[in-house]
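# Coordinate analysis (summary)
Spelled out from the first residue to the last, the chains are:
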Amino acid sequence: MLRQGAGRAHVLASCIRRPNLVAVRSKAYHVEGDGSGAAAMVKARSHTLRTDVPKSMGGKDSAPQPIELLLSALIGCETATAAYVARHMQPRLRLKRITFDYRAE
């Protein structure tokens, strides 16, 4: 769920544990951002992310495009999920490496 308030976007993510369907946890995330032209700077906790678009699209090509960061976030989510599942398997699975190669057209 995405809520907007006072110029800030708040994302609420829910986690439902299975198979017992007993525990439901919610976690809140907060990010702030500013943009100028085609470029943007976003702060999440103590981290700063920048985005821009190529010169051919009106940007300065000073940072990854937003879609490239979106795909990077997807890889991060899938990696974290795989590590979580591996840790909680019985018997425990030791996840050494996971590799992704996404291409979007």
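The sections below set out a description of the structure shown in this document.

The rules we used
Residues numbered from 1 in each chain as written. Predicted model: local features only at pLDDT ≥ 70, side-chain atom pairs only at ≥ 80, totals over all residues. Heavy atoms only, no water. Helix = DSSP H or I, 4+ residues; strand = E, 2+ residues; numbered from the N terminus. Buried < 20%, exposed > 50% of the residue type's maximum accessible area, 1.4 Å probe, protein only. Lys, Arg positive; Asp, Glu negative; His and termini not counted. Salt bridge = Lys/Arg side-chain N within 4 Å of Asp/Glu carboxyl O. Polar contact = N/O pair within 3.5 Å; in protein donor to acceptor, adjacent residues only side chain to side chain. Contact = heavy atoms within 4.5 Å.

## Some thoughts on the side chain of Asp-52
- In this fold, Asp-52 is placed in the loop between β5 (47–51) and α1 (66–88).
- The charged side chain of Asp-52 is buried without a salt bridge, its nearest counter-charge being Lys-60 at 7.0 Å.
- For Asp-52, the side chain forms a polar contact with the side chain of Ser-62, separated by 2.9 Å.

## Remarks on the environment of Ala-38
- Within the fold, Ala-38 resides in the loop between β3 (24–36) and β4 (39–44).
- Residue Ala-38 is classed as partly exposed on the basis of its relative accessible area, which comes to 35%.
- When the C-alpha positions of Ala-38 and Thr-51 are compared, they lie 8.1 Å apart, and in sequence the two are 13 residues distant.

## What to know about the environment of Ala-82
- The residue Ala-82 is located in helix α1 in this model.
- Residue Ala-82 is classed as partly exposed on the basis of its relative accessible area of 22%.
- Sequence separation of Ala-82 and Leu-95 is 13 residues, and the distance between their C-alpha atoms is 7.9 Å.
- If we skip the residues at most four places from it in the chain, Ala-82 touches Leu-95 and Ile-98.

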